[in-house]
Amino acid sequence: MQKLSNLLPEGFHDSLPPYAEAGLRVERDVLDTLSSHGYARVSPPLVEYEDVLTGRMTGSTKRDLMRFVDPISQRTLALRPDVTMQIGRIAATSLSGEARPLRLSYSGQVLQLRSGQLHPERCRLQIGAELIGTDSVAAASEIVSVAIEALGQAGLAGITVDFTMPDLIDILSAGPLPLNPAQARDVRSELDMKDSGGLTALGATGYLPLIEATGPFDDAMAKMRAFDSDNLLKSRLDGIAAIAANIKDKANLTLDPTERHGFEYQNWFGFTLFAEGYVGAMGRGGSYEIPTNDGGTESAVGFSLYPGPLDAGFSAKQKDTVFLPLGHDTKAAAALRSEGWRTVAALSQADKAEDLRCTHILVGTDPQEI
């Protein structure tokens, strides 16, 4: 007899009880929060035509697509690595006639061709919200505030918002601190590592203050103001400062102006969400542009959460469960379920409450703790 295998591809895993239910609860809490703020749910497909998908993608993400040929159309299809670009497609086509600002929410699995060391999952859940039609300070403040609230409703505490300026090096290298494309790439790499020696070796000493302008928000912002002596960045700094002022009582705030991981398409501001007790980012967001069918663009702000790491233990608690012995009072059991209890009914005399992970047993009409 052939032995059945439980082997899964690298980066994929089964989510088992009680972790699968914990993940579902997190998803429901986040989506309910978004709905309460007027974000209407949309659900794009897992697979699209490759050329349609890549037409709305930027950066290295295009190399991270899992592709295959559709046997029906004979066209190349791709599994989505991100839902945000699909929301942009929907907003620019099916919902192009809807009033702006347009608030949309979503939840779905995305597939990464490669995984990282911190998060080895190649298939993960992405939940998010997009506010389309404006990238004003008011819109950005709403998006960051809703993201914080959603994480709080999902049970996270000690939330930190780390602001960044995704197009900062582009602005500086095209203006007061000129760099050619190759030099700009090298400078970004050194700034990623916060390597002042590397910047000096490149002759890019003008960028050294950006390394110091990292940390608690107020101190880092003061250093950025001092760095921006010609006010080239004033509008961006003013905007980020205004967003921070609007959410300062809701989360811890930091600033890392050159952080660019995960910000391939954001422009004037971005943010990363962290939570106490978890390694790595819980989500990211910021401002960006959506291509429209007339060749123009439409401003938008949004965020994406990746609660995959949470199902490794977050909220993974066994729910109180009542064992229903043979011949139990069915009306009493139905009443308990209506109150939020979980029930497990015996199917034979061999069924035992302890074996079925029950915490209570129905005696008469009342659940008694085992």
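Just above sits the structure.
Not measured: the values here are computed from a predicted model.

1. Structural notes on the nonpolar core
- By size, the foremost hydrophobic cluster in this structure holds 61 residues, and its most contacted members are V161, F163, Y207, M224, F269 and F271.
- Counting residues per element, this core draws most heavily on helix α4 (residues 137-153), which supplies 9 residues.
- Those residues in contact with F269 that sit more than four places away from it in its chain are A140, V144, F163, T164, P166, I240, I243, G286, S287 and V301.
- Core analysis: the next-biggest nonpolar cluster, separate from the first, contains 15 residues, V83, A91, L95 and L104 among them.

2. Describing the side chain of Q112
- Structurally, Q112 can be placed in the loop between β5 (102-111) and β6 (123-132).
- For Q112, a relative accessible area of 14% puts it in the buried group.
- Within the local environment of Q112, its side chain forms a polar contact with the backbone oxygen of P81, the two atoms lying 2.9 Å apart.

3. Considerations on the pairing of strand β12 (residues 297-305)
- For β12, a buried count of 7 out of 9 residues is recorded, marking the element as mostly surrounded by other parts of the structure.
- Relative to β12, β6 runs antiparallel, the two being bridged by 6 bridges. Residue pairing across strands places A129 opposite F303, the latter belonging to β12.
- The pairing of strand β11 (residues 283-291) with β12 spans 9 bridges and is classified as antiparallel. Across the sheet, the residue bridging to Y288 is A300, located in β12.
- Here β11 folds back onto β12, and the loop between the two strands holds 5 residues, one of which, G295, carries a positive phi near 90°.

4. A closer look at the pattern of salt bridges
- Applying the stated criterion across every chain yields a total of 12 salt bridges.
- The shortest N-O distance in the salt bridge between R100 and E298 comes to 2.7 Å. Of this pair, R100 sits in the loop between α3 (84-92) and β5 while E298 sits in strand β12, and the two are 198 residues apart along the sequence.
- On the basis of relative accessible area, E298 is assigned to the buried category, the value being 16%.

5. A short note on unusual backbone geometry
- The peptide bond linking P17 to P18 adopts the cis configuration, its omega dihedral lying at 0°.
- Positionally, P18 belongs in the segment before α1 (19-36).
- A cis geometry characterises the amide bond from R100 onward to P101, with omega recorded as 5°.
- In this structure, P101 sits in the loop between α3 and β5.

6. Thoughts on the sheet that holds strand β8 (residues 215-216)
- The strand order β1-β5-β6-β12-β11-β10-β7-β9-β8 describes an open sheet built from 9 strands, whose pairing is mixed. Looking along the sheet, the strands with just one partner apiece sit at the ends: β1 (40-41) and β8.
- Strand direction decides the pairing type here: strand β7 (residues 160-164) and strand β9 (residues 252-255), joined by 4 bridges, are parallel. Within β9, the position partnered with F163 by the bridge is L255.
- Its contacts with the sheet place α3 against β5, β6, β11 and β12, and it is angled at close to 40° to β6.

7. A word on the packing of aromatic side chains
- The full count for this structure, using the stated rule, is 4 aromatic pairs.
- Ring centres of Y265 and Y288 lie 5.5 Å apart, and the angle between their planes is 80°; this geometry places the pair in the edge-to-face category. One end of the pair, Y265, is in the loop between β9 and β10 (270-274); the other, Y288, is in strand β11, with 23 residues separating them in the sequence.
- A relative accessible area of 30% places Y265 in the partly exposed class.
- Taking relative accessible area as the criterion, Y288 reaches 4% and is therefore assigned buried.
- In this structure, R103 packs its charged tip against the face of Y39, placed 6.0 Å from the ring centre.
- Looking at R124, its charged tip hangs above the ring of Y306, at a distance of 3.9 Å from the centre.

8. Some thoughts on helix α6 (residues 181-192)
- Here α6 spans 16 Å end to end across 12 residues, near enough to the 16 Å set by a 1.5 Å rise per residue.
- Along α6, the residues that are buried comprise A184, V187, R188, E190 and L191. Seen along its axis, α6 keeps its buried residues to an arc of 165°; they face one direction.
- If you follow the buried residues of α6, they end up packed against α5 (168-173), α7 (196-201) and α8 (209-212).

9. Here we look at the packing of α4 against helix α10 (residues 234-247)
- In contact at an axis separation of 9 Å, α4 and α10 are set at 40° when each is read in the N-to-C sense. Taken together, the axes of α4 and α10 are oblique relative to one another. Crossing geometry of α4 relative to α10 is assigned as right-handed. Residues V137, A140, S141, V144, S145 and I148 of α4 form the contact with α10, whose participating residues are G239, A242, I243, N246 and I247.

10. Describing the environment of A140
- Position of A140 relative to the elements: it lies in helix α4.
- Between the alpha carbons of A140 and F269 there is a distance of 8.8 Å; along the sequence they are 129 residues apart.
- Beyond its immediate stretch of four places on either side in the chain, A140 contacts I243, F269 and V301.

Definitions and limits used
- Residues numbered from 1 in each chain as written.
- Predicted model: local features only at pLDDT ≥ 70, side-chain atom pairs only at ≥ 80, totals over all residues.
- Heavy atoms only, no water.
- Core = buried A, V, L, I, M, F, W, Y, C linked by side-chain atoms within 4.5 Å.
- Buried < 20%, exposed > 50% of the residue type's maximum accessible area, 1.4 Å probe, protein only.
- Helix = DSSP H or I, 4+ residues; strand = E, 2+ residues; numbered from the N terminus.
- Contact = heavy atoms within 4.5 Å.
- Polar contact = N/O pair within 3.5 Å; in protein donor to acceptor, adjacent residues only side chain to side chain.
- Pairing = 2+ DSSP bridges.
- Salt bridge = Lys/Arg side-chain N within 4 Å of Asp/Glu carboxyl O.
- Axes fitted to C-alpha atoms, helices over the stretch in contact; angles between N-to-C directions.
- Phe/Tyr/Trp six-rings, centres within 6.5 Å; stacked < 30°, edge-to-face > 60°.
- Lys NZ or Arg CZ within 6 Å of the ring centre and 35° of its normal.
- Expected span 1.5 Å × (residues − 1).
- Arc of directions from axis to C-beta.
- Parallel < 35°, antiparallel > 145°, perpendicular 65-115°, else oblique.
- Left-handed = near helix turned anticlockwise from the far one by under 90°.

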